[in-house]
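# Survey of secondary and tertiary structure
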Amino acid sequence: MPAPRPSESAEAARAAAQQAEFNEKKWVWVPDDKDGYLAGWVNKEEGDFGEVIMAAGGDFRTVPLYALSKMNPPKFDRVEDIADLTFLNEASVVNNLRLRFGSGAIYTYSGLFLVAINPYQSLPLYSDAIVQQYRNKRRDENPPHIFAVAERAWVNMGEERENQSILITGESGAGKTESTKKVIQYLAAIATDVHPSHSRSPTIVSSATMPNTGLPRSDSFRRGHTVSPSMSSGGGSHLTARGRLGLLERQILQANPILEAFGNAQTQRNNNSSRFGKFVRITFAPDGSIAGANIDWYLLEKSRVIVRSEAERSFHVFYQLMAGGGALKENLLLGGGIEDYEYLNKSRREVDGVDDKEEWSALKGALDTVGLTPAEQSDLFRIVAAILHIGNIAITSTRADDAVMPDPSQAERVCHLLGIPVAEFTRAVLRPRTLAGREWVSQARTKQQALEELGALCKMLYEKSFGALVDKINLALDRPSSKSTFIGVLDIAGFEIFEINAYEQLLINYTNEKLQQFFNHHMFVLEQEEYAREGIKWEYVNFGLDLQPTIDLIEASGSIIGILSCLDEECIMPRATDLTFTNKLHGMWAAGQENGVRHPGCDKYEPTRFDQGFIIQHYAARVEYRTDGWLEKNKDPLNDNLTRVLAASSDRYVASLFAEYADAPPTPAGPGGAGNMFTAGKKRAMKKGAFRTVAQRHKEQLSSLMTQLQATQPHFVRCIVPNSNKKPGRVDIPLVLDQLRCNGVLEGIRIARLGYPNRLPFVEFRQRYEVLTPGIIPRGYMDGREACRRMVKTLELDEAIFKIGTSKIFFKAGVLAELEERRDMLLFEIFSRLQAVARMWTARRQMKKVLNRAVAIRTIQRNARVYGELREWPWWQLYTKVFVLYWPLPATTTSSGRKKPS
Ligand SMILES: Nc1ncnc2c1ncn2[C@@H]1O[C@H](COP(=O)(O)OP(=O)(O)OP(=O)(O)O)[C@@H](O)[C@H]1O
């Protein structure tokens with residue numbers, strides 16, 4: 001049975017009691033290694049130290065005063081927007097999130113951010129009814145929610161005819177993909193509401209062929225987890241909403257299961273982890289209906305195809321094909337099971353509670369819905385099968401250490417699937433031909449080199465096929481129109497700090513540094529606009545530029561180069577190694593000078609002491625990178641003998657994947673290895689699109705993303721993992737704090753503190769704080785601005801901590817808390833006095849009553865006594881008999897009453 005809800009007055013009384021208790025002590029948050037922060041109050045202060053009594057347990061701790069964080073009064077508990085806290089410190093932020101999460105509120109605003117904590121359980125937050133609750137409502141009319149962010153974006157798009165973006169970041173398992181799906185669910189639902197019978201693109205598949213699997217999909221993946229959000233009211237609602245969705249909306253939603261099958265994998269942190277970043281743009285026609293969609297993708301973790309940790313799986317599609325492929329498997333020559341394939345049998349094969357066969361049918365259904373023809377689908381699976389077969393190619397060494405393929409049948413299978421001649425393929429792998437000077441020579445590969453070549457081939461095949469798949473989805477969903485506007489949802493991995501940070505981490509952290517800078521700039525612009533609107537004069541740090549030195553350190557190119565350009569240069573240098581690259585970096589930045597010019601990022605760079613690597617000071621933290629294998633990773637090499645063979649494939653699809661290599665001239669044998677494109681010389685490597693390094697490609701993609709984002713009005717969502725065990729209801733505070741630091745929430749708060757984060761309209765300020773300045777504002781009308789001016793003067797506030805605008809008064813962080821405290825103390829005094837008077841009055845009344853009663857009792861007693869004495873006296877008896885004939889007997893007598901006649 002649910003606990004009875006305390007009445008509002010009881011709650012108010014409790015709040016008042018808490019407040020009273022709070023006012024009595026100087027409450028603070030004390031840092032604690034295990035729990036992050038613990039509550040306590042300062043008992044006494046001595047010099048720079050304070051003696052704190054801990055609230056839990058009552059023990060004493062001596063803590064430096066600077067380490068203590070002021071606690072917000074209890075009335076700020078569970079505030080919906082962290083920016084409303086008057087003490088904006090880490091401890092208060094995390095405490096507020098913890099309290100809210102404890103009461104089931106997983107969403108909280110933090111200024112411009114929406115913070116979403118993964119509940120790891122199904123909550124009834126996403127039903128149709130909730131969609132309706134957020135429709136056409138302002139942010140402050142409902143509790144914080146991802147739907148409110150989507151609604152805001154939708155409204156802004158409609159009102160201002162401006163493109164919108166929703167940037168969702170967080171670490172693996174934090175809930176980015178779920179949040180992305182919720183945004184798309186909301187947009188699809190409201191766009192359908194705008195046009196209930198709307199269904200564009202009737203071309204592809206009729207709705208009768210819709211698969212039975214629900215939106216947005218992966219029921220069994222969620223079942224495999226501790227939770228299954230889509231199976232709760234949220235999922236159920238999708239099903240009800242689905243009935244009303246148009247075909248295009250369904251296709252957009254069904255693109256997701258396809259991307260998940262090819263781009264997601266089971267990892268130790270997440271059973272359905274996206275191994276790529278994506279930017280999904282949903283375009284809307286001027287009438288509000290969905291006009292199309294487009295997906296851009298970033299940084300696919302293609303190495304997972306060949307290797308991963310033992311506890312993880314490769315991309316889902318491999319297992320789904322093996323489990324559900326049926327007759328298709330035969331066509332693809334896939335006999336046996338997962339255990340027969342080298343690329344699958346070395347690590348985990350199943351995910352708890354996930355039925356790969358069911359997922360296969362869901363995938364097939366989604367491919368049909370999106371409109372991929374059977375031939376196109378078969379192309380995709382052929383690449384998947386070819387990769388599995390390549391993994392099974394055995395390579396051995398001769399005595400001379402030359403690589404050989406003892407069993408050609410495996411290579412034959414691969415070549416059959418890829419449409420290439422076996423002899424050419426084998427030669428390209430084992431003895432590629434390269435140009436040495438003017439002569440063609442065949443260079444034998446070692447076993448290791450040949451295996452690496454095959455691995456690189458698989459990675460490239462998978463990545464290219466993934467790209468082609470996304471292109472096909474885009475083709476099916478894209479309906480470009482000059483009049484349409486879009487809402488883009490960016491789902492990308494957040495800042496990463498591992499024990500060993502490699503090239504991949506540098507790229508993702510660089511991306512996050514750029515996104516954070518974008519946020520900072522946006523916030524700066526917004527603040528600037530608000531201050532300008534309010535006519536406030538101020539000197540403000542442009543925190544939009546704060547992170548530029550770190551970004552320059554990584555991405556600069558031109559006369560002053562950054563780490564990535566330096567890496568590109570090293571990639572084409574003969575005899576360059578990871579060590580020479582690292583030393584070059586140290587030479588350039590550790591000394592602080594580069595060609596006599598001080599690099600803007602010098603202060604952000606440090607060489608590591610012991611390992612081969614360097615340290616970068618990111619906004620989130622100092623991160624140490626190890627540079628092992630960076631040159632290879634950046635070159636992402638595949639020998640041009642192989643690429644040319646693939647480009648000439650008789651299979652149209654395979655040939656199209658490698659079309660850019662078709663006319664690539666052969667490369668000379670260089671010191672870097674036979675046929676490696678990056679030995680071909682700087683000029684050519686930079687010129688041809690196909691020869692771009694990973695760094696170049698990523699910089700280009702990122703710059704295009706940033707250009708798109710800059711042309712939108714952004715909204716920010718930060719997802720948080722509450723604990724490492726995927727347990728519902730548990731919050732590991734140090735873990736959450738780390739993420740708040742990394743995902744920019746605390747950075748956002750730091751920036752907010754530089755400005756005037758708390759602001760109140762004049763009327764509100766006067767209503768709330770006039771009590772502190774009695775008699776200052778005369779009765780009758782007074783201009784709000786003038787009233788505020790008088791009030792702040794009387795309150796003796798320093799000019800530096802407030803600014804008066806044209807309609808609002810702005811305060812630095814913490815000022816309102818002090819005013820609140822003063823107000824509370826005053827109200828406490830006033831109410832204490834009022835209480836005292838009221839108590840005196842009731843006590844006096846009570847006393848008077850008691851006294852009256854005492855007098856009455858004495859009177860009754862006296863009468864009784866007199867009656868007792870007279871009762872038997874004959875004259876009295878006569879008197880009473882006669883007296884009543886003339887005069888009624890008095891009921892009582894007074895103390896001065898009759899006496900017994902003598
Ligand atoms: N709002 C939510 N309600 C219920 N469960 C959720 C919610 N958000 C996330 N989850 C659970 O957490 C799991 C991980 O979430 P999700 O896949 O969205 O994380 P992610 O941040 O995208 O991770 P990755 O970067 O690894 O892809 C989901 O499969 C789901 O079980």
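Preceding block: the structure.
These figures come from a predicted structure and were not determined experimentally. (Residues numbered from 1 in each chain as written. Predicted model: local features only at pLDDT ≥ 70, side-chain atom pairs only at ≥ 80, totals over all residues. Heavy atoms only, no water.)

### Considering the pairing of strand β1 (residues 27-32)
With 5 of 6 residues buried, β1 is to be regarded as a mostly interior element. Sheet topology places β1 next to strand β2 (residues 36-46); 6 bridges connect them, and they run antiparallel. The partner of Trp 29 across the bridge, within β2, is Ala 39. Counted along the chain from β1 to the antiparallel partner β2, the turn is 3 residues long. Two elements, β1 and strand β5 (residues 69-70), share 2 bridges in a ladder whose sense is antiparallel. Considered in β5, the bridge of Val 28 is made with Lys 70. (Buried < 20%, exposed > 50% of the residue type's maximum accessible area, 1.4 Å probe, protein only. Helix = DSSP H or I, 4+ residues; strand = E, 2+ residues; numbered from the N terminus. Pairing = 2+ DSSP bridges.)

### Observations concerning the site of the ligand
Neighbouring the ligand are 20 residues, the closest being Ser 172, Lys 176, Thr 177, Ser 273 and Ser 274. At 3.0 Å from a nitrogen atom of the ligand is found a side-chain nitrogen or oxygen belonging to Tyr 126. One nitrogen or oxygen atom from the side chain of Ser 172 is found 2.5 Å from an oxygen atom belonging to the ligand. Looking at the shell around the ligand, the elements that each hand over two or more residues are α5 (176-194) and β10 (273-274). No other element matches α5, which puts 3 residues into the shell around the ligand. Per-class residue counts for the shell around the ligand are 6 nonpolar, 11 polar and 3 charged. (Near = heavy atom within 4 Å. Polar contact = N/O pair within 3.5 Å; in protein donor to acceptor, adjacent residues only side chain to side chain. Nonpolar A, V, L, I, M, F, W, Y, C, P; charged D, E, K, R; others polar.)

### Quick look at the sheet that holds strand β7 (residues 113-117)
Read across the open sheet, the 7 strands follow the order β6-β7-β23-β8-β17-β11-β12; overall the sheet is mixed. Across the chains shown, the open sheet's two edge strands, defined by having one partner strand only, are β6 (107-110) and β12 (290-298). Across the sheet, the axes of successive neighbouring strands diverge by a mean angle of 20°, strand direction being ignored. Where strand β11 (residues 277-284) lies against β12, 8 bridges are found, and the strand directions are antiparallel. If you follow Thr 283 over to β12, its bridge partner there is Gly 292. Packed onto the sheet, helix α27 (residues 745-754) meets β6, β7 and β23 (713-720) and runs at close to 150° relative to β7. (Axes fitted to C-alpha atoms, helices over the stretch in contact; angles between N-to-C directions. Contact = heavy atoms within 4.5 Å.)

### Examining the packing of helix α19 (residues 563-571) against helix α25 (residues 694-710)
Contact pair α19 / α25: the axes reach a minimum separation of 9 Å and the direction vectors enclose 145°. Two secondary-structure elements touch here, α19 through Leu 564, Ser 565 and Asp 568 and α25 through Ala 695, Gln 696 and Lys 699. A class-by-class count of the residues in the contact of α19 with α25 yields 2 nonpolar, 2 polar and 2 charged.

### Some remarks on the sheet that holds β2
In space, the 5 strands of this open sheet follow the order β4-β3-β2-β1-β5, with antiparallel pairing throughout. Each of the sheet's edge strands pairs with one partner strand only, and the pair in question is β4 (60-64) and β5. When strand β3 (residues 49-54) meets β4, the two strands line up antiparallel, connected through 5 bridges. Note that in β4 the partner of Glu 51 across the bridge is Thr 62. Helix α2 (residues 90-102) rests against β1, β2 and β5 of the sheet, and its axis sits at about 90° to β1.

### Examining helix α22 (residues 640-647)
With 7 of its 8 residues buried, α22 lies for the most part within the structure. Those residues of α22 that fall on the buried side of the exposure criterion are Asp 640, Asn 641, Leu 642, Thr 643, Val 645, Leu 646 and Ala 647. Looking at the buried side of α22, the elements it contacts are α14 (408-418), α15 (422-430), β15 (433-436), α16 (447-477) and α23 (652-657).

### A short note on the packing of helix α28 (residues 762-769) against helix α30 (residues 815-870)
Taken N-terminus to C-terminus, the directions of α28 and α30 make an angle of 35°; their axes are 10 Å apart at the nearest point. Residue-level inspection shows Phe 765, Arg 768 and Tyr 769 of α28 in contact with α30, the latter providing Leu 816, Leu 819, Glu 820 and Arg 823. Considering only residue class, the contact of α28 with α30 consists of 4 nonpolar, no polar and 3 charged.

### Section: the packing of aromatic side chains
Scanning the entire structure with this criterion turns up 28 aromatic pairs. An angle of 90° between the planes, with centres 5.2 Å apart, marks the rings of Trp 297 and Phe 466 as edge-to-face. With Trp 297 in strand β12 and Phe 466 in helix α16, the pair connects residues that are 169 residues apart, well separated along the chain. For the residue pair Trp 297 and Phe 466, the accessibility class agrees, reading buried in each case. With a centroid separation of 5.6 Å and 40° between ring planes, the pair formed by Phe 765 and Phe 811 is classed as tilted. You can see Phe 765 sitting in helix α28 and its partner Phe 811 sitting in strand β26 (residues 808-811), a full 46 residues away along the chain. With relative accessibility at 0%, the residue Phe 765 sits in the buried group. The exposure class of Phe 811 is buried, given its relative accessible area of 0%. (Phe/Tyr/Trp six-rings, centres within 6.5 Å; stacked < 30°, edge-to-face > 60°.)

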